[in-house]
Structure formats: C-alpha cells, structure tokens
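# Coordinates in review
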Amino acid sequence: MSRESLRSLEHHDAFLERHIGPNDAEIAQMLREVGHDSLDALTAAIVPDSIKATGGLALPPPVSEVDALAKLRRIAERNEVFRSFIGQGYYGTHVPNVILRNILENPAWYTAYTPYQAEISQGRMEALINFQTMCADLTGMEIANASLLDEATACAEAMTLARRSSKAKSNVFFVSRGVHPQSIAVLRTRAEPLGIELVIGDDAEAAGTEAFGVLLQYPDTFGAVNDYRAVAEAVHARGGLVAVATDLLALTLIAPPGEWGADIVVGSTQRFGVPFGFGGPHAAFMACRDAFKRSMPGRLIGVSIDAEGRPAYRLTLQTREQHIRREKATSNICTAQVLLAVMASMYAVWHGPDGLKRIATRTHRYAAMLAHALREAGVAVGDGFFDTLHVTGVDAEQIHNYASRARINLRKIDATSVGIALDETTTRADVEALARLFGVAVGDLDALDARVDDALPPALVRRSPYLQHPVFNTHHSEHELLRYLRTLADKDLAMDRTMIPLGSCTMKLNATAEMIPVTWPEFANIHPLAPASQWSGYRQMIEELEAMLVECTGYDAVSLQPNSGAQGEYAGLLAIRAYHASRGEAHRDVCLIPDSAHGTNPASAQMCGMTVVVTKTDANGNVDVEDLRRAAEKYSDRLAALMVTYPSTHGVFEEDIVEICEIVHAHGGQVYTDGANMNALVGVAKPGKWGSDVSHLNLHKTFCIPHGGGGPGVGPCAVKAHLAPFLPRALVDDVRTPGVGDGSTGMVSAATWGSASILPISWMYITMMGAAGLRRATQVALLNANYIAKRLAPHYATLYTGRNGLVAHECILDLRPLKDETGVSAEDVAKRLIDFGFHAPTLSFPVAGTLMVEPTESESKHELDRFVDAMIQIRDEIRAIADGRLDRDDNPLRHAPHTAAVVSASEWKHAYPRELAAFPLPSLRQGKYWPPVARVDNVYGDKNVMCACIPIDAYADPADA
Ligand SMILES: *Cc1c(COP(=O)(O)O)cnc(C)c1O
C-alpha cells in the first residue's frame, strides 16, 4: 500500500491552499480554457520581459496559521500594556462586547465595500447616518459627514474648508497653542504647499489676528474648557471662520461649539468604543454649517427615495469628491474610516444619551475629586476642566518614575508639569493610585465625593438635549442591540455572502487568522504616545513588515504612516517635492497624469501645490507615449513627476513602462507609480526595479486588510533610497526607524505609524504565504481574470487587452454597444446583478459605460462560474430586448433590483413574469438575497439633501399618503 509522505501531508496545512480559491485541478482546467500549460507560462505570456523580476522574493518560507499566530503572539508579548492617562486625543474606553464581536470581529461588517451600490448597502449607511446624526447633535451643528481619517487630518480639512468658504481676504490660518501637537504637526505639513500661512499663538491672540479662519481646541490639549464666545464674535466680525477641534464625550456636559459660534467642528470618535491601537484606526468626524455642505470633504450619506417612493440611503453630493471632480475636488479622501465610525455610532446607540452622560459625568467626577485631593495637598492643578488635569510645579521626572513603577503612563509636558487624562475605564483604584504618585492619600472617596464640586465652568454647562432620535433610545438591552446589528447586516452584501469583483479595489479574502491579532490587548491597548520601552513588539512587527514590503516592491524604504491610499499618494508626492527642493529645483511643479488615472491622483497632486497636466491614452488603453514625450518636453523645466498606475487602470501591462520612466527622468522628473494594482505584481515584478521612484501600496487591497465598508486602510509610501530622507517624520523626535524621514517632510497622519493596530493583518498574510505563496497568488489572480474574460468573450467585449490578447488581473467589459442597441446601461446591469445576489463590478471607472471586473485569487472556480452564469443570463435578457421578446422600457434590467415587497405584491404591473424578476436562475430558489429597497433615486437625493436620521413617520407607506 502506498503511503502519502509526511512532507505532502504537511503541505496540505498550508494557508495558501485556503487563501487561493481554485485548487490544483481547477487551475489546470482553467489554464486549458485560457490556452496555457502552466501558471508560469501564462505569466510569461502576460508580463513584459522588460519588467519581469529575476529570482523569487527573498522572504522566509510560508508558515501555517497556527505557527504564524504563535510567532506573532510572541512578538505581541514584547509590548507592555500600562494604564495610560496620557490623553492628548486618545482615551481609554470599553469596547462594548456586543459591538466587539458583532461588528469589529464580524465579516458582515468588516468585509463590506464602500457603499457606492446603494441598494445593497442600506445597513451600513443607516449606521453611518446614525454616526452623522450623533456628530451633528453633540457638536450642535447642522450637518456632519460619514468620517474622516483622524483628528489631525480633520483639522487640516477644516483649514481648507475654511479657506474655500471664508469671505476674509487674508492668507493666514490661526491655530491656537491649545490644539493637540499632532494636529499642529499635520497642519504645518498641509498648509505649506498650499501657500497658507499658519500663525500659532495663544487663544487671546486669535481675536486680534487677521485670518481667514482660526482653529481652537475645546477642551484644549491640556484639558482647559475655555470660553471662546468673544473670540468667535471677533473672528466673525472680520469675516473669518471659526473651526473647533473637540471631544464628543465632553460635549455631553459642556455647551456645544455650535451654540457659541463655531462654523466647522472636527474631532475623533476614538473614545466611543474604539481602542487606542497605538494610534489608529479611529474615525474622525467633521460637522459644519449647512451652508458649507457642498464644499465639505469626505463622504456624506443622504436620504433619498427608491423607485417605490420609500426612504432609502445613498452617498450624496458626490460631485464634491475626487472621483468626479479630480484636482478640483474638496479633498483627496476616498477610503475613510467607516468600520470605526460604525463602531462609534453603535456605542452611542448602545449607551444612549443618558448612558453617555453618565459615563462623562463619572469621568468628570473622578477628575474633579483627584484635582481636589491634589490641591489639598498643595499640588497645583488647573481649573475649569472636563477630564484632564494639568498639574504644574512638580518634579515631572520623579513623578514619571513613580508612575512607571506603578505601570502608569502620564502625559509628558515639561520638567515641572504633567498631564493626567481620565476616561471611561477609570476606577476608584486608579484615582487612589494616581494621587499616590504625588504622595497624596485620597482617603474615603465617597466622603470626598460629597464635598467636591464639579469643575466645569458654570457658564459653559450644556443645557440643550441631544440624541433624541429613537435609534439612540431603543437598543439598550443586549438582545435589542444584537438584533439591530443583525438586521442592518442582513440588508447588505459583503464578502461573507458573495464575491465583490471590483476592479482596482482588490476585494480578496480577509482571512480570520489575519484578523485575530488586531484585538489582542497587547496591540489594541497601547497609547500612541506610550514610552518606546512599552512597544518593542510593535517596533519589531513594524520593522519586519517594512522589510517585507521593501522586498515585494523593490524600493528601499517604506513609511507606514499614511492611513489610506490617497494619503500615501500625498506622502509620496511630498517626498518628490522635498527632493526637488533639496537640489535647488523647488520650481518643479508640473505633475503629468494619464487621463485614465484614479481621481485621488490629481486631487493629491493639487494638495502638494502641483499643476496637473493630463496626458492621453492610445487606442489600446496604453499611455500614449508620444503624447507623454511631448508633455515632458514642453514642461521640461517644470516637470516634477509623472503619476502612472501599473498595470494600468485599463487592466493591461503596458510594454513601454521602462521607456516611460526614462523619458520622465530625462526631463528631471520623478516617477510615481500608483500601487493600487500591486496584486498583479507581487512576486512577478518590482516597480522599484524597473525605474519607478515611489509608490503607495494599498494594504487594504493587495495585503488583506478588509475594506470595512469604506475604511480603515493603510497606504504605505515606498521609495527609492534618494527619497527616503523625505518620508514623513515621527511625532516624537527620538523615534528613528528605516521608514521614518529625517524631519524635512512633516507628518501626514496624527500618529507615527498611522493605523498601527491593523498592520498585523498584512504581517500575518505575508508570513503565512511566504515568497512562493505570494507569487502563486498573483498568478492565480491573473488566471482568474483571464478565465472570466475568456468565458464572457462570446457575450461581452473586453475593452482592452495586452500582449497575446490577455488581460492583467482585471478586465473591462464594454457595455456601450449594448446601450446603443437596446437602451440597457452598465448601471442597469450592475443593478440586475443584485437580483442574482452579486455585488456589481466597478461601474464606469476608468471608462464610462463599462464594468471593470477583478476577481482576485481568492475566488474559487465555483464562484467565478456562478458570476459568469449570472452575467450570461443577463446578456440573454439584453438579447431578448434586442429581438423584442422583452419590452424595451419594461424589462427586468430597467426595474432591477426587485424587492420582496414588489415581487409579492398582489398587483404585478410589469410586462415580464415575477419569476424572472426574482429567480432568473433556478439556483436562486435555494438561497436568495432580497434587496431592502428598489433602485435608489440619485437625482432626488441630490436635490433634497438630508443627512440625518429619518424621522419615524417618514416610514409611513407612501401609498397611504
Ligand atoms: C483605491 C485606489 C486609490 C486610493 O486609495 P484609498 O485608500 O481609497 O485612498 C488610488 N489609486 C487607485 C488606482 C486605486 O484603485
């Protein structure tokens, strides 16, 4: 009897067998279909010789799930979790367990995509509209967006919104010294290329400074709750705008900025149930006056109606955004922080207004009692605070030493003062321990409680109500919240139900083993300003991940600071800008961008003060090299950079990329390669080796961080050695690792390593795949895309192909001829796919009227076939329209998607059968996704902008109205 060898038995435990969808037999079958003998032969036929990497990736061999988790566990254990009372924008919080398990650890939420397809995203959009309502209510403003990347970048967005909206002629933006240091650091970075002059001064100077806007912090970074009413009036009197960075928990007790004159309010929602995570990810927010809504940055959820006249959510006012307005957009934000915004909104749903107020009051009481006890013992503590004490006149070093022995972190301010920020997690024992650091015994806390007054300035106590909508006053038992979360998740299509074949977005598997470490306390509970001795594990994991990414890309250094792809672009272009300046060529300001580029490219270039020059694409979808050459020659003196996506957004490997790099270099420019399509390259070719100077990667695409419904993300900026000094700097000066710049470029995110707590996901992925696994993933991604293109070829034309008639890792299906013939649009096909239970491919990007399909390596042949079958059935319906078997106006494509309510109504008004509407394929009878709303009306939504929770009576049946 032949026995299987131990080696082969072990091989079957390999993670890559689980990550990659098709098995060996299916791969062989699919290769036959596309006409190649092996994955290597297919790769050779697709990838140009000029860029092919020689030799495999120098990475360790693959590691099993069990071993990788054990290895990372040992690294995590090198972190030391102290009690952190540092504050400065990051506070302890209890993640409600029902939210931890059912949102953060639930693929129904974390694998969802940005809600462009409104009908299959109603659940997460309801959660986001709750978020917007929460932020608007608590700040006292009229409208709020659906999250920004972090508080520091939100401050920068407030600055540019103020500049767009202010009537004052001044070029100055005044920033209070009371603003958090990391926000000031990012403001400095962002102001300079835009020619904005930052003036940083004491609050009192704000009233007297000629400025288009001012930024105040309330409570300020040292905890003081200041009365800014007079300042706001003075600024307004000069035509300037008042932006305020604030703390939502404090606003449950103190007068909201909207009641004392703020025009724009930003902040972080971290302390609403999202752990420190060593700096991120957390959701920031922006609220503002209604008058500014068309100029606001970031995504905005609005209420519209569906085809049946019922309320339905959608992304509203998208014409502000980079994907439509490009370099004229209100910001470059694409990926934001949806998953974290959903968590924060549910924290408010869970606790409700009374619960939040209780948490805030308890925190405040502890702070007031601690302050009182310290003062009684002769320690000086500032007055008029919410949760943060500014202790002065002490030997700070000695206090920090005592604290360290008690495993406590306090904020380092200077030699004679320290900061102590209390929070939801603070206990009586903490108050006692904190007092002891100053040699003070607090005694009987209840007795202290009885004699200590609140420490809030009486004139600023909040009197107005908030969070009165029923959603914040209903789901307070665990069963209620559990079922609410389930109800919302069930409305949505995420990757736990179907492939999401979104070209350019790489919706691949987010494996459970990759997610598990994110919530380990050793990663989750480290404050971003904890002393370096407490995060040796983070340092090791970060340095290892940087080295892995360097190996995968062929660059020399990687910054993990950018917390989205667009932020990575910004960091990369800043590095190019600083490099030119360092060589006396600061005048180089032209950025060439092919017309097929993603909207973030021109938007990021604009933020760096560059002038965008668009170059053409040729008939095959490639960069038109002659047009590029002409532009490079024309702007030779001013050429700063070319931004090119590779393989192109047209889904092909351009043959001329090496020559393109040479042309740009010959004219003194730098080559920026948008790395969103790295999934076609890892283990096959390295941009850093074929002549590119810098790329951003999307760890939330190629390296398995889930999309979270529109964030979080990590957009590392990878550069050749000559650009490495110009990577973003660290917040704390003594931090030096290979991925931190020398200080000449500022910070682009609030924390040194941006969204640090999700980096273990990519570390796990690369560790478990190893060099061979990563290469195989790329090859199967190429195979899957070509298999789909091939199977669909008799039905849909693929717009562009590269050498040998093959596509890269995605293919663009051209529906424009069908529209001319039958009136069916690409959007109709996208909506009809919902009736089959599929999320549509990328719609009308990079070419209007097309669908871009990217299956990724993680989809099995079974799932690919299911998708192909749906697309073929849809094609048959289009044929039926063409030859008159289905009506040109009343057909299942035009009216898709079909809700259960429509299909089951006693009256059926359509010229096609109900069965065809609901069950176009027999397999759907076994399992059917029912969209909760019919097609959402975009025009109505943009005309009637409404961005807060729907009043309950709006749900009355429109038929009864
Ligand atoms: C996704 C993407 C980006 C932007 O990344 P975000 O993380 O969403 O900011 C940029 N370029 C291309 C080609 C992309 O596909």
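Here the structure is a predicted model, which is why all the values come from computation and not from measurement.

On the basis of which strands lie adjacent, the open sheet formed by 5 strands has the order 1-13-14-12-11 and mixed pairing. Each having just a single partner strand, strand 1 (83-85) and strand 11 (380-381) make up the two edges of the open sheet. Relative to strand 14 (residues 417-421), strand 12 (residues 388-392) is paired through 4 bridges, and the arrangement is antiparallel. Bridging from a neighbouring strand, Val391 pairs with Val418 of strand 14. Lying on the sheet, helix 14 (residues 338-376) is in contact with strand 11, strand 12 and strand 14; it crosses strand 12 at an angle near 15°. Most of the contacts of helix 15 (residues 396-405) go to strand 13 (residues 408-414), to which it runs at about 165°, and overall it touches strand 13 and strand 14.

This paragraph deals with the pairing of strand 3 (residues 172-176). Most of strand 3 is tucked away: 5 of the 5 residues are buried. Neither face of strand 3 is left uncovered, since the one carrying Val172, Phe174 and Ser176 and the one carrying Phe173 and Val175 both have all their residues buried. Where strand 3 and strand 4 (residues 197-201) come together, 5 bridges link them in parallel fashion. Within strand 4, the residue paired with Val172 across the bridge is Glu197. Since strand 3 and strand 4 lie parallel, the crossover through helix 10 (residues 181-191) that links them has a hand, and here it is right-handed. Direction of pairing for strand 3 relative to strand 5 (residues 213-218): parallel, over a ladder of 3 bridges. Note that in strand 5 the partner of Phe174 across the bridge is Val214.

Each strand in a sheet pairs with its neighbour through backbone hydrogen bonds, running either in the same direction (parallel) or in the opposite one (antiparallel). In spatial order, the strands read 15-21-20-19-18-16-17; together these 7 strands make up an open sheet with mixed pairing. Every interior strand has two partners, whereas the edge strands, strand 15 (557-559) and strand 17 (611-615), have only one. In this sheet, adjacent strand axes meet at a mean angle of 25° when their direction is disregarded. Alignment of strand 18 (residues 639-645) against strand 19 (residues 670-675), held across 5 bridges, turns out to be parallel. Bridge pairing links Met643 to Tyr672 in strand 19.

Let's shift gears to unusual backbone geometry. Peptide bonds are mostly trans, and most non-glycine residues show a negative phi. Pro219 follows Tyr218 through a cis peptide bond whose omega is -10°. Note the cis peptide between Gly711 and Pro712, where omega equals 20°. Relative to the helices and strands, Pro712 is located in the loop between strand 20 (694-697) and strand 21 (717-719). Unusually for a residue other than glycine, Asn804 sits at a positive phi of about 60°. Along the chain, Asn804 turns up in the loop between strand 22 (797-798) and strand 23 (811-814). We classify Asn804 as exposed; its relative accessible area is 57%.

On to the pairing of strand 18. Taken across its 7 residues, strand 18 has 7 buried, putting it largely inside the fold. Where strand 16 (residues 590-594) lies against strand 18, 3 bridges are found, and the strand directions are parallel. Bridging across to strand 18, Cys591 finds its partner in Ala641. Between strand 18 and its parallel partner strand 19, the chain crosses via helix 25 (residues 657-666), and the hand of that crossover is right-handed.

Before going further, it helps to examine the packing of aromatic side chains. For the coordinates displayed, the defined rule picks out 19 aromatic pairs. Ring geometry for Tyr113 against Tyr116: centres 6.2 Å apart, planes inclined by 45°, an arrangement best described as tilted. Its end group placed over the ring of Trp520, Arg73 keeps NZ or CZ at 4.1 Å from the ring centre. Sitting over the ring of Trp930, Lys928 keeps its end group 4.9 Å from the ring centre.

Attention now moves to helix 29 (residues 861-882). Between its terminal C-alpha atoms helix 29 stretches 31 Å, which fits the 32 Å expected from 22 residues at 1.5 Å a residue. When you tally the buried positions in helix 29, you get 16 out of 22 residues, the bulk of the element.

Where the parts come together, the accessible area they lose is often given as the size of the interface. According to the domain assignment, the protein contains domain 1 (102-347) and domain 2 (538-767). The gap between the C-alpha centroids of domain 1 and domain 2 is 26 Å. Taken residue by residue, the interface counts 37 residues in domain 1 and 44 residues in domain 2. Across the domain 1/domain 2 interface, buried area totals approximately 3200 Å², and carbon plus sulfur atoms make up 60% of it. Looking at the side of domain 1 facing domain 2, the largest losses of area belong to Phe278, Arg326 and Asn332, adding up to 21% of the total buried there. Residues Arg577 and Glu192 are paired through a salt bridge, measuring 2.9 Å at the closest nitrogen-oxygen approach. Run the count over domain 1 and domain 2 and you get 18 residue pairs in polar contact (both at pLDDT 80 or more). At the level of elements, helix 7 (107-110), helix 9 (151-165), helix 10, helix 13 (322-325) and helix 14 are the ones that each hand at least two residues to the side of domain 1 that touches domain 2. In terms of residue count, helix 10 provides more of the side of domain 1 that touches domain 2 than any other element does, 5 residues in total. Of the residues in the side of domain 1 that touches domain 2, the class split is 18 nonpolar, 13 polar and 6 charged.

Let us now look at the nonpolar core. Residues Met134, Tyr218, Met346 and Phe653 are the most contacted members of the largest nonpolar core, which totals 225 residues. Here the element with the most residues in this core is helix 26 (residues 759-792); it accounts for 19 residues. In this structure, this core is formed jointly by two domains, domain 1 (102-347) and domain 2 (538-767), each of which donates at least three residues. Apart from residues lying up to four places away in sequence, Met346 is in contact with Ile99, Ile103, Ala127, Leu481, Tyr484, Leu485 and Leu488. Ranked by size, the runner-up nonpolar core spans 43 residues in total, among them Tyr90, Ile184, Met286 and Ala336.

What follows concerns the UniProt feature "modified residue: N6-(pyridoxal phosphate)lysine" (unreviewed entry) in the protein. Under the UniProt annotation, "modified residue: N6-(pyridoxal phosphate)lysine" (unreviewed entry) lies at Lys701. Tracing the backbone shows Lys701 in the loop between strand 20 and strand 21. Relative accessible area serves as the criterion here: at 9%, Lys701 is assigned to the buried category. What Lys701 contacts, discounting residues up to four positions off in sequence, is Ser504, Cys505, Thr506, Lys508, Ala676 and His707. At 3.3 Å, the side chain of Lys701 forms a polar contact with the backbone oxygen of Ser504.

Turning our attention to the UniProt feature "domain: Glycine dehydrogenase C-terminal" (unreviewed entry) in the protein. UniProt's entry tags residues 777-898 with the feature "domain: Glycine dehydrogenase C-terminal" (unreviewed entry), counted in the numbering of this structure. Annotated as residues 777-898, this span is 45% helix and 10% strand, and its ends, taken at the C-alpha atoms, are 36 Å apart.

On to the side chain of Thr363. Inspection of the secondary structure puts Thr363 in helix 14. Within the structure, Thr363 has its side chain in polar contact with the backbone oxygen of Ile359 (distance 2.8 Å). Non-local contacts of Thr363, meaning those with residues more than four positions away in its chain, are made with Arg271, Asp387, Leu422, Asp423 and Glu424.

Glancing now at the site of the ligand. With respect to spatial proximity, 14 residues lie near the ligand, and among them Thr335, Ser504, Asp674, His700 and Lys701 are the closest. Take Ser504: an N or O atom from its side chain is 2.5 Å from an oxygen atom of the ligand. One of the side-chain N or O atoms of Asp674 is found 2.6 Å from a nitrogen atom in the ligand. Bound to the protein, the ligand loses 98% of the 380 Å² it would expose on its own. Ranked by residues supplied to the shell around the ligand, first place goes to helix 22 (residues 565-582) with 3 residues. Split by residue class, the shell around the ligand holds 3 nonpolar, 8 polar and 3 charged.

The rules behind these values
- In every chain, residue numbers begin from 1 and rise along the written sequence.
- Note on the predicted model: pLDDT of at least 70 is required for a residue's local features to be given, and 80 or more for side-chain atom pairs to be given and counted; whole-chain, interface and lining totals, by contrast, use all residues.
- To obtain the side-chain values, all non-hydrogen atoms of the structure were used and water was disregarded.
- Whether two strands pair depends on DSSP finding at least two bridges between them.
- To qualify as a helix, a DSSP run of H or I must reach at least 4 residues; to qualify as a strand, a run of E must reach at least 2; elements of each kind are numbered from the N terminus.
- Note on contacts: a residue pair qualifies if any of its non-hydrogen atoms lie within 4.5 Å across the two residues.
- Axes here refer to lines fitted to C-alpha atoms; in helices the fit is confined to the stretch in contact. Angles between the N-to-C directions go from 0 to 180 degrees.
- In this scheme, a residue with accessible area under 20% of its type's maximum is buried, one over 50% is exposed, and one in between is partly exposed, where area comes from a 1.4 Å probe on protein chains only.
- Whether a crossover is right-handed comes down to one check: with the strands pointing away from the viewer, does the path from the first strand over the helix to the second run clockwise; if it does, it is right-handed.
- Between rings of Phe, Tyr and Trp, where Trp is taken as its six-membered ring, a pair exists when centres lie within 6.5 Å; planes separated by under 30 degrees are stacked, by over 60 edge-to-face, and by other angles tilted.
- Both a distance and an angle decide whether a charge sits over a ring: NZ of Lys or CZ of Arg must be within 6 Å of the ring centre and within 35 degrees of the ring normal.
- Between the first and last residue of a helix there are one fewer steps than residues, each counted as 1.5 Å, and that sum is the expected span.
- An automatic or database domain assignment supplies the residue ranges for each domain.
- As a working definition, buried area equals the accessible area (1.4 Å probe) given up by two parts on being put together, with both sides summed.
- In the sections that follow, a salt bridge refers to a side-chain nitrogen of Lys or Arg positioned within 4 Å of a carboxyl oxygen of Asp or Glu.
- Here a polar contact is recorded for every N or O atom pair within 3.5 Å, except that within protein the pair must consist of a potential hydrogen donor and a potential acceptor, and residues adjacent in sequence are included only if both atoms are side-chain atoms.
- Just so you know the grouping, Ala, Val, Leu, Ile, Met, Phe, Trp, Tyr, Cys and Pro go in nonpolar, Asp, Glu, Lys and Arg go in charged, and all remaining residues, Gly too, go in polar.
- Side-chain atoms within 4.5 Å link the members of a nonpolar core, which is a set of buried Ala, Val, Leu, Ile, Met, Phe, Trp, Tyr and Cys residues.
- UniProt positions are given in the numbering used here, feature names are shortened, and annotations may be inferred rather than shown by experiment.
- One heavy atom within 4 Å of a molecule or strand makes the whole residue count as near it.
- Reported accessibility uses the Shrake-Rupley method at a 1.4 Å probe radius. Residues are deemed covered only where the shown protein chains occlude them.

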